[in-house]
Amino acid sequence: MRKTCLNSVYDLARRDDRVIFIGSDLGVSTLDEFKNNIPERFFMEGISEQHIIGMAAGLAMEGNIPYVNTISVFLTRRCFEQIVLDLCLHNLNVRLIGNGGGLVYAPLGPTHLAVEDIAILRTIPNMTILAPADAKEIARLMELTIEHDGPVYIRLAKGGDHIVTPDDQEYKIGKSIRVREGKDILIITTGVTLQISLDAARSLASKGVEAGILHIHTIKPLDTKAIIERLAEVPALITVEEGTVIGGLGSSVAEIVAEADFGQPKKFKRIGVPDTFSDNFGSQKELMEGFGITAANVAQTALELIDVKSG
Amino acid sequence: MKRIEDCEELAKIADELRIDILEMLHTAGSGHTGGSLSAIDILTALYFSKMNHKPGMENGAERDRFVLSKGHGAPALYVTLARCGYFDKSELASLRKLGSMLSGHPYSPSTPGVEVTTGSLGQGLSIANGMALGLKLDQSKSVIFCLMGDGETQEGQVWEAAMTSAHYKLDNLVAILDNNGLQIDGFVKDVMGIEPIGDKWRAFGWEVIEIDGHDMSALLGAIDKAVAVKGKPSLIWAHTVKGKGVSFMENKASYHGAAPTAKELEMAKKELNPA
């Protein structure tokens, strides 16, 4: 996914001389061609993320479209104030590409986990947040970022993720994707939790439960209309995210559910990282299992919500 | 704008702007007095003599850019912009009020002539770097001026930016240090010493030009010299006095964020305009 994303930046740069790449001590051979062919618009900065956000803002003020890439947690948590003031308040065309969104860097420990990125960035006016599920989806979305007005955060997953996003739908920033139909429960996903939820839906189908899946590649602005329309068709819902359940996708959907008038209350569970630091290391997969961000747990939670004995 | 070269005329403008600052802050009932008075000679030299700019070309590619990284110097910027004609002087009376175009710190969306929203210290030089890189990409001859406070250099991001300006040889960038020696809590040297500050900037690869920041002739010369430096960024290290021009405000930390009372305003006006 990262390779596809960075190749897209180079493609965009070849077509549009407003495009600039700024990295922070990355060591990416993926971008050698960019560096060699368009050196004047390729910046590999030192380890100075806060400064880089300001510098990107200044470049954008002069009419450029900087794509800034580094490890997600340093880009978002460390630079929150610079993102708020330099980028979002001025509504500048800067794109932040965060490597290792969620639990990807599990082996490196909690300093490198980006679990609250979506929650904190969602609070900022003018911000757009993208969390694609696979390489095909990032390629589609990157094309759209060039003409998008205002700052964008692009949360990258680990890479090598199964291609699951459908080809037959319209991809627009802010538009959700109907991946699967089902009247018994709706599973709302973002990023690679789409893959997990598809597995869960297949498992549920084998038990006679039809789960619909609505995939949210744009967490902000959220496709509220589609969420309400889909929820009107089902008695229960689950949100699944690779990030904190406080303030992320689950919270966003909860806000919608709380204010919508469905007549009957919806049964609802959020699956994600709970309100705790992880003192486990291991792999991304192992941490996700520890937090219940798995197909088995999504399926089990669905059965409990709609009160079907799992047998 | 017409460029004024006569130092006496510029000094007179600066003193008139001092009165505008004090009247504006008195009317608002709050605001940053000391750091505005220390910076006003620098702003006068830039806006009335050295910068290429004019009202109506706020987005013109040819303009020189000014970033007030020490955003609390907003009153000095506002009276300067008003006198240049970016907005009507009557707006000054609305400082910090609901519906005003003038925020307590510079807010670019609402104030004509304000390039960048600042106020959170330490962020301006990074933005100025980005603008300077952008102008180089466009092969522009425009210059970026970035005014910082001495207390502000306690912020770590300033040094990330300083390193970057030198790395990219941003000779279209001129930073100015309004070295008034005071911050909210007292003297900078007592709160968190920054010396040897000139050596620090030199060590970071900058050309450092040290002057008396209230000497108009020295200011004009330093700006010319800084703009002419090639292959590296320049810092004008301007020694200033916080509250400059009003005897009872000079070198007083208590006037960092306090507006003058009616009586203080009258006393100050007598000092600044003895005739």
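Not measured: the values here are computed from a predicted model.

1. Notes on the overall build of chain B
Step number 1: Counting its secondary structure elements, chain B contains 9 helices and 7 strands.
Step number 2: A compact globule built from 275 residues would reach a C-alpha radius of gyration of about 19 Å, and chain B, at 17 Å, matches this within 12%.
Step number 3: Each of the three principal axes of chain B carries a C-alpha extent, and together these read 50 × 45 × 35 Å.
Step number 4: Looking at chain B residue by residue over its 275 residues, the buried ones come to 58%.
Step number 5: Restricting the contact set of chain B to residue pairs at least 6 apart, pairs at least 24 apart contribute 77%.
Step number 6: Across chain B, the centroid of the 28 positively charged side chains sits 2 Å from that of the 35 negatively charged ones.

2. A look at the interface of chain A and chain B
Step number 1: Each side of the interface is counted separately: chain A has 24 residues, and chain B has 23 residues.
Step number 2: Taken over both partners, the interface formed by chain A and chain B buries close to 1,800 Å², and the fraction arising from carbon and sulfur atoms is 58%.
Step number 3: A salt bridge links B:Arg65 to A:Glu62; the shortest N-O distance between them is 2.6 Å.
Step number 4: Our count for the contact surface shared by chain A and chain B stands at 12 residue pairs in polar contact (both at pLDDT 80 or more).
Step number 5: Taken together, the elements giving at least two residues each to the side of chain A that touches chain B come down to strand S2 (42-45), helix H3 (49-61) and helix H5 (80-89) of chain A.
Step number 6: In terms of residue count, H3(A) provides more of the side of chain A that touches chain B than any other element does, 9 residues in total.
Step number 7: Its residues assigned to classes, the side of chain A that touches chain B comprises 9 nonpolar, 8 polar and 7 charged.

3. Some words on the pairing of S2(A)
All names here are of chain A.
Step number 1: Here strand S1 (residues 19-24) pairs with S2 via 4 bridges, running parallel. For Phe21, the partnering residue across the bridge sits in S2 and is Phe42.
Step number 2: Regarding topology, helix H2 (residues 32-37) serves as the crossover connection from S1 to the parallel S2, and that connection is right-handed.

4. Some words on the packing of helix H2 (residues 34-50) of chain B against helix H8 (residues 216-228) of chain B
Think of two packed helices as two axes; the pair is described by the angle between the axes and how far apart they sit.
Residue and element names in this part refer to chain B.
Step number 1: One way to put it is that H2 packs onto H8 with a least axis distance of 10 Å and a crossing angle of 60 degrees. Taken together, H2 and H8 sit at an angle that is classed as oblique. Handedness of the H2/H8 crossing: right-handed. Contacts between H2 and H8 involve Asp41, Ile42, Thr44, Ala45, Leu46, Ser49 and Lys50 from the first element and Met216, Leu219, Leu220, Ile223 and Asp224 from the second.
Step number 2: When its residues are assigned to classes, the contact of H2 with H8 shows 7 nonpolar, 2 polar and 3 charged.

5. A closer look at the sheet that holds strand S9 (residues 211-215) of chain A
Residues and elements named next belong to chain A.
Step number 1: Read from one edge to the other, the open sheet built from 5 strands follows the order S7-S9-S8-S11-S12, with strand pairing classed as mixed. Two strands in the sheet have a free side with no partner beyond their single neighbour: strand S7 (177-180) and strand S12 (267-273). Ignoring strand direction, the axes of neighbouring strands in this sheet form an average angle of 20 degrees.
Step number 2: With 5 bridges joining them, strand S8 (residues 185-189) and S9 adopt parallel strand pairing. Looking at the pairing, Ile187 lines up with Ile213 of S9.
Step number 3: Across the sheet, helix H10 (residues 249-259) lies against S8, strand S11 (236-244) and S12, angled at about 145 degrees from S11, the strand it touches most.

6. Topic: the packing of aromatic side chains
Step number 1: Inspection of every chain in the model, using the stated rule, returns 10 aromatic pairs over all chains.
Step number 2: Between A:Phe21 and A:Phe34, the ring centres sit 6.2 Å apart and the planes meet at 55 degrees, which makes this aromatic pair tilted. Of the two residues, A:Phe21 sits in strand S1 while A:Phe34 sits in helix H2, which places them 13 residues apart along the sequence. An identical accessibility class is assigned to A:Phe21 and A:Phe34; each is buried.
Step number 3: Plain terms: the ring middles of A:Phe43 and B:Tyr168 are 5.5 Å apart, the flat faces sit at 85 degrees to each other, and that makes the pair edge-to-face. Separated into two different chains, A:Phe43 in strand S2 and B:Tyr168 in the loop between helix H5 (156-167) and strand S3 (173-179) make up a pair that spans both.
Step number 4: Three or more aromatic residues joined by ring pairs make a cluster, and in this case those are A:Tyr10, A:Phe21, A:Phe34 and A:Phe42.
Step number 5: Against the face of A:Tyr171 rests A:Arg140, its NZ or CZ located 4.2 Å from the ring centre.
Step number 6: Against the face of B:Phe187 rests B:Lys189, its NZ or CZ located 5.1 Å from the ring centre.

7. Quick notes on the pattern of salt bridges
Step number 1: All told, the structure shown has 33 salt bridges over all chains when counted by the stated rule.
Step number 2: Between A:Arg122 and A:Glu255 there is a salt bridge; the shortest N-O distance is 2.9 Å. Here A:Arg122 is found in the loop between helix H6 (117-121) and strand S5 (128-130), whereas its partner A:Glu255 is found in helix H10, with 133 residues between them in sequence.
Step number 3: Using a relative accessible area of 19% as the deciding quantity, one classes A:Arg122 as buried.
Step number 4: Two residues, B:Asp171 and B:Lys136, come together in a salt bridge whose shortest N-O distance is 2.6 Å. A residue pair is termed long-range when its members are at least 10 positions apart, and B:Asp171 in the loop between H5 and S3 and B:Lys136 in helix H4 (residues 124-137) qualify at 35 residues.
Step number 5: Under the relative-accessibility criterion, B:Asp171 is labelled buried at 14%.
Step number 6: Among the charged side chains, a salt-bridge network with shared partners connects A:Arg178, A:Glu181, A:Arg230 and A:Glu233.

Cut-offs applied
- Residues numbered from 1 in each chain as written.
- Chains lettered and ligands numbered in written order.
- Predicted model: local features only at pLDDT ≥ 70, side-chain atom pairs only at ≥ 80, totals over all residues.
- Heavy atoms only, no water.
- Helix = DSSP H or I, 4+ residues; strand = E, 2+ residues; numbered from the N terminus.
- Rg over C-alpha atoms; globule rule 2.2 N^0.38 Å.
- Buried < 20%, exposed > 50% of the residue type's maximum accessible area, 1.4 Å probe, protein only.
- Contact = heavy atoms within 4.5 Å.
- Lys, Arg positive; Asp, Glu negative; His and termini not counted.
- Charge placed at Lys NZ, Arg CZ, Asp CG, Glu CD.
- Buried area = accessible area lost by both parts, 1.4 Å probe.
- Salt bridge = Lys/Arg side-chain N within 4 Å of Asp/Glu carboxyl O.
- Polar contact = N/O pair within 3.5 Å; in protein donor to acceptor, adjacent residues only side chain to side chain.
- Nonpolar A, V, L, I, M, F, W, Y, C, P; charged D, E, K, R; others polar.
- Pairing = 2+ DSSP bridges.
- Right-handed = clockwise from strand over helix to strand, strands pointing away.
- Axes fitted to C-alpha atoms, helices over the stretch in contact; angles between N-to-C directions.
- Parallel < 35°, antiparallel > 145°, perpendicular 65-115°, else oblique.
- Left-handed = near helix turned anticlockwise from the far one by under 90°.
- Phe/Tyr/Trp six-rings, centres within 6.5 Å; stacked < 30°, edge-to-face > 60°.
- Lys NZ or Arg CZ within 6 Å of the ring centre and 35° of its normal.

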